[in-house]
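# Residue-level structure breakdown
Listed below, chain by chain, are the residues.
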2 protein chains.
Amino acid sequence: MTMSNTGGRRKPPTIHDVARVAGVSRGTVSRVLNGGHYVSPAAQEAVNAAIRKTGYVVNRHARSLITGRSDSIGFLLTEPQEKLFEDPNFNVLLRGCTQALAAHDIPLLLMVAGTEDERRRIMRYITAGHVDGVLLVSSHSGDPVAEQLRDAGVPLVQCGKPMGLGSKVSYVAADDRDGARDMVRHLLSLGRRHVGVVTGPLDTPGGVDRLAGYKEVLTEAGVEIDERLIVSGDYSRASGEAGAERLLERAPDMDAVFVASDLMAQGALTALRRAGRRVPEDVAVGGFDDSTAATESVPALTTIRQPYDRISNEMVRVLLAQIGGEDPAAVILPTELVLRDST
Amino acid sequence: MTMSNTGGRRKPPTIHDVARVAGVSRGTVSRVLNGGHYVSPAAQEAVNAAIRKTGYVVNRHARSLITGRSDSIGFLLTEPQEKLFEDPNFNVLLRGCTQALAAHDIPLLLMVAGTEDERRRIMRYITAGHVDGVLLVSSHSGDPVAEQLRDAGVPLVQCGKPMGLGSKVSYVAADDRDGARDMVRHLLSLGRRHVGVVTGPLDTPGGVDRLAGYKEVLTEAGVEIDERLIVSGDYSRASGEAGAERLLERAPDMDAVFVASDLMAQGALTALRRAGRRVPEDVAVGGFDDSTAATESVPALTTIRQPYDRISNEMVRVLLAQIGGEDPAAVILPTELVLRDST
DNA sequence: TTCTCTACTGTGAACGCTCACAGAAGCATG
DNA sequence: CATGCTTCTGTGAGCGTTCACAGTAGAGAA
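Numbering of residues begins from 1 in every chain and follows the order in which that chain's sequence is written. Chains and ligands are labelled by the order in which they are written, letters from A for the one and numbers from 1 for the other. Local features in this predicted model are restricted to residues of pLDDT 70 or higher, and side-chain atom pairs are both shown and tallied only at a pLDDT of 80 or more, whereas totals for entire chains, interfaces and linings draw on every residue. By convention in this description, side-chain values take in all heavy atoms of the structure and omit both hydrogens and water.

### Overview of the overall build of chain A
Across its full length, chain A carries 14 helices and 12 strands. Using C-alpha atoms as the atom set, the radius of gyration is obtained and then compared with a globule rule of 2.2 Å times the number of residues to the power 0.38. Whereas a compact globule of 343 residues would reach a radius of gyration of roughly 20 Å, chain A reaches 26 Å, over 25% beyond that. Overall size of chain A, expressed as C-alpha extent along the three principal axes, is 85 × 45 × 40 Å. Residue burial is assigned from relative accessible area. The probe radius is 1.4 Å, only protein chains are included, and a residue is buried under 20% of its type maximum, exposed over 50%, and partly exposed in between. When burial is assessed residue by residue, chain A has 54% of its 343 residues classed as buried. We call two residues in contact whenever any of their non-hydrogen atoms come within 4.5 Å of each other. Within chain A, contacts between residues separated by at least 24 positions form 69% of all contacts whose residues are at least 6 apart in sequence. Of the accessible surface of chain A, which amounts to about 15,200 Å², a share of 51% is contributed by carbon and sulfur atoms. For the purposes of this entry, the term helix denotes a DSSP run of H or I that reaches at least four residues, the term strand denotes a run of E that reaches at least two, and both are numbered from the N terminus. Throughout, the Shrake-Rupley method with a 1.4 Å probe supplies accessible areas, and for residues the shown protein chains are the sole cover considered.

### Remarks on the relation of the copies chain A and chain B
Least squares is the method for superposing the copies, and the C-alpha atoms it fits come from residues with pLDDT of at least 70 in both. Note on the copies: chain A fits chain B at an RMSD of 0.2 Å, the axial shift is 0.0 Å, and the rotation between them is 180 degrees. The operation mapping one copy onto its partner corresponds to a two-fold rotation axis. The fraction of interface residues of chain A whose copies in chain B are also interface residues reaches 100%, indicating that both copies meet through the same surface.

### Things to note about the nonpolar core
Of all hydrophobic cores here, the largest spans 54 residues; its most connected members are Phe75(A), Leu135(A), Ile311(A), Phe75(B), Leu135(B) and Ile311(B). Sequence-distant contacts of Phe75(B), that is, excluding residues within four places in its chain, are made with Phe90(B), Leu93(B), Leu94(B), Cys97(B), Leu108(B), Leu109(B), Leu110(B), Met111(B), Leu135(B) and Val137(B). We define the nonpolar core as a collection of buried residues of types Ala, Val, Leu, Ile, Met, Phe, Trp, Tyr and Cys that are connected through side-chain atoms lying within 4.5 Å of one another.

### So, the side chain of Thr98(A)
If you trace the backbone, Thr98(A) turns up in helix α6 (residues 88–102). In this structure Thr98(A) touches Leu108(A), Leu110(B) and Val112(B), once residues within four positions along its chain are discounted.

### Some words on the environment of Thr78(B)
Residue and element names in this part refer to chain B. When you line up the elements, Thr78 lands in the loop between β1 (73–77) and α5 (81–86). According to the relative accessible area criterion, Thr78 is buried, its value standing at 5%. Separated by 58 residues in sequence, Thr78 and Leu136 have C-alpha atoms that sit 7.8 Å apart.

### What to know about the pattern of salt bridges
Residue and element names in this part refer to chain A. Salt bridges are identified by distance alone: a Lys or Arg side-chain nitrogen within 4 Å of an Asp or Glu carboxyl oxygen. Counted under the stated rule, the structure contains 43 salt bridges over all chains. The salt bridge partner of Glu216 is Arg181, with a shortest N-O separation of 2.8 Å. Separated by 35 residues along the polypeptide, Glu216 in helix α10 (residues 205–220) and Arg181 in helix α9 (residues 176–189) bring together distant segments of the chain. Given the relative accessible area of 16%, Arg181 is considered buried. One salt bridge in this structure joins Asp226 and Arg228, with 2.7 Å as the shortest N-O distance. Looking at Asp226, the relative accessible area reads 22%, which means it is partly exposed. Given a relative accessible area of 37%, Arg228 falls into the partly exposed group. Among the charged side chains, a salt-bridge network with shared partners connects Arg177, Asp178, Arg181 and Glu216.

### Overview of the domain arrangement of chain A
All names here are of chain A. Domain delimitation follows an automatic or database domain assignment. Split into domains, chain A comes out as domain 1 (15–58), domain 2 (73–174 + 308–333) and domain 3 (176–305). A straight line from the C-alpha centre of domain 2 to that of domain 3 covers 29 Å. Taken together, the contact between domain 2 and domain 3 spans 12 residues of the former and 14 residues of the latter. When two parts are put together, the accessible area they lose, computed with a 1.4 Å probe and summed over both, is reported as buried area. For the pair domain 2 and domain 3, the two sides together bury roughly 970 Å², of which 49% comes from carbon and sulfur. Our count for the contact surface shared by domain 2 and domain 3 stands at 2 salt bridges. One salt bridge in this structure joins Arg305 and Asp309, with 3.8 Å as the shortest N-O distance. Two N or O atoms count as a polar contact when they lie within 3.5 Å, although within protein this holds only if one can serve as hydrogen donor and the other as acceptor, and sequence-adjacent residues are included solely when both atoms are side-chain atoms. For the pair domain 2 and domain 3, the number of links is 2 residue pairs in polar contact (both at pLDDT 80 or more).

### Examining the protein's contact with DNA strand C
Of all residues adjacent to DNA strand C, which total 26 residues, the nearest are Ile15(A), Arg26(A), Tyr56(A), Arg26(B) and Ser40(B). Within 4 Å of the protein, the atoms of DNA strand C are drawn from sugar and phosphate moieties in a proportion of 61%. Note that a phosphate oxygen of DNA strand C is positioned 2.8 Å from one of the side-chain N or O atoms of Ser30(A). Where the surface near DNA strand C is concerned, the elements lending two or more residues are α2 (26–33) and α4 (60–67) of chain A together with α2 (26–33) and α4 (60–67) of chain B. When residues of the surface near DNA strand C are assigned to their parent elements, the largest contribution, 5 residues, is made by α4(A). Each residue gets one of three labels, nonpolar for Ala, Val, Leu, Ile, Met, Phe, Trp, Tyr, Cys and Pro, charged for Asp, Glu, Lys and Arg, and polar for the others, Gly among them. Residue classes in the surface near DNA strand C are distributed as 12 nonpolar, 9 polar and 5 charged. Put simply, a residue is near a molecule or strand once any heavy atom of it comes within 4 Å of that molecule or strand.

If you want it as structure tokens, here you go:
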């Protein structure tokens with residue numbers, strides 16, 4: 001007479017069971033589980049065999065209860081929700097972080113703070129110690145969440161350079177300024193001299209740095225900076241379209257434009273097409289990000305590749321280091337010019 | 001002389017602290033926390049006040065240790081990783097599930113099983129009871145993961161109809177067949193009679209059902225089914241492009257095409273443009289999904305809207321019900337025809 | 001009065017693990 | 001031979017909850 005297995009989950013084996021099977025004590029099993037120092041090779045072996053035999057998996061709740069660590073980390077997105085859907089980079093980042101954490105056997109908790117209500121609940125959850133650290137993604141980068149978390153003593157790494165420089169918060173970012181420089185240099189090298197720019201939001205470091213790179217290269221090349229050729233956007237498709245329209249209106253002789261995100265560049269292409277300009281013959285267009293939008297556009301966008309795979313890896317590395325007691329760190333990664341059909 | 005706060009996190013208050021402040025016992029606090037039955041109004045009040053005052057948040061690890069529940073659920077994606085980046089619907093689904101779960105105060109663990117190795121680790125994690133249930137997204141829907149989880153007694157809801165009908169697995173899906181019918185009827189109503197189709201993968205129910213809907217409407221309308229007008233794709237942009245190319249080659253008189261995903265439809269637009277066909281004048285194009293790809297295309301795609309917000313809500317609802325002891329359930333949601341510029 | 005029933009409250013035990021400590025065994029040193 | 005050191009092992013306590021149980025108080029019925 002055997003019990004039927006169907007339906008209910010059977011109770012999983014505990015550290016006790018493993019100890020019994022291996023013929024050792026709980027303590028020894030625990031030591032094997034946590035690095036195996038001060039354990040004889042024989043015991044080590046016996047315990048591992050018993051783990052395999054019983055199919056034991058550590059109960060993380062019991063462990064966390066005593067260690068105070070949760071051995072899980074939060075991926076926090078504080079964005080109006082449309083952003084999540086619009087930004088193709090987000091996926092890449094999320095996937096990268098999941099993978100990097102999986103290598104450490106650390107689960108990722110996804111938290112989206114769209115509304116004020118969600119924000120409060122999430123903050124309570126985090127500060128209650130239910131995650132060991134937070135990977136923060138938020139583009140309106142004066143985000144109070146970062147400071148709140150830092151003040152609560154929660155290890156934190158932000159994606160992208162934060163606004164308040166004084167705040168000691170770790171971050172990982174691409175080199176926006178240098179990327180912009182590369183792109184504008186490239187446009188100049190094509191012989192274009194009336195180079196417009198649609199910037200990102202100028203209350204974010206990314207927006208500011210990309211504009212700074214643009215100005216720097218023009219000055220360096222002896223091209224006078226023309227305020228008519230500078231308009232600002234907010235990284236959305238629509239703002240790219242509107243921005244390009246305004247540029248054409250103000251400076252019809254524009255022969256190239258650096259658009260500070262691929263999504264905006266897509267919008268700019270639409271506006272240029274509507275105005276009867278050929279790309280790249282009449283106007284060369286340069287984007288930023290190398291997102292999926294860049295390859296899907298017609299023509300495909302010349303753009304600046306942000307190394308999102310490396311960014312996610314670095315974010316995880318820096319966060320784990322910080323949880324391990326190290327000081328906050330800033331990492332800036334190089335970008336790369338990707339040539340396609342729009343220039 | 002006060003201790004500095006900076007740096008370390010202070011120890012959070014426990015249920016003991018709350019009990020002391022409220023002047024009641026642990027048991028009473030616990031009862032308030034779990035629904036408040038058999039608690040006097042006065043005690044109720046005192047406990048709530050004490051919770052506010054102390055800033056108490058329940059320690060989920062301690063709770064889980066004794067209840068056996070984890071009060072968290074897993075969002076499992078078993079896909080080759082490119083899919084994650086390509087599919088704009090994935091974001092919508094993920095966001096929807098996060099939100100629906102947040103309403104129940106349940107954290108979502110994101111798990112991506114790209115490699116065989118990841119798959120094994122994740123299965124061990126899940127079957128060890130570290131999540132109470134799983135939301136499964138996988139397009140190659142003969143996925144063994146579903147059966148494995150079901151056999152392990154893990155509550156499970158799949159997104160999209162699973163292949164093996166015999167397996168008693170919950171799922172939530174859009175009405176693919178009916179959506180396809182609507183689209184093809186629409187194309188016929190425009191006076192088109194040479195309607196091609198680029199199907200989804202025919203080893204998936206979605207692919208099969210959309211094709212079935214197509215055939216059904218044609219037959220119903222007395223239009224003979226022409227095998228030259230049927231090619232199959234795999235939902236990727238590239239396969240849509242190749243598919244449309246093959247259709248034009250085999251049936252140059254094609255005046256409409258139903259493409260079983262927006263992403264493929266984008267590819268089809270590229271192929272049609274290259275072949276010198278105007279859309280929608282020469283060839284009307286209908287997509288499927290109403291993803292962001294549909295509005296970003298030029299021209300914007302007429303498509304079939306899948307109610308992803310409702311799908312995610314239903315997935316969560318069905319999963320929680322199943323965790324609560326109810327039987328597996330299948331939910332099929334209606335689609336909607338969205339008219340844009342491509343037809 | 002005495003009993004029963006209901007509404008409420010407190011208490012000890014347990015969940016599965018890690019940590020600190022105590023102790024044993026082996027070996028070299030005084 | 002005692003002493004110290006290193007390497008290894010077992011044991012009790014406790015992490016913060018929930019749960020089952022016992023118990024109290026008050027109301028109504030006999």
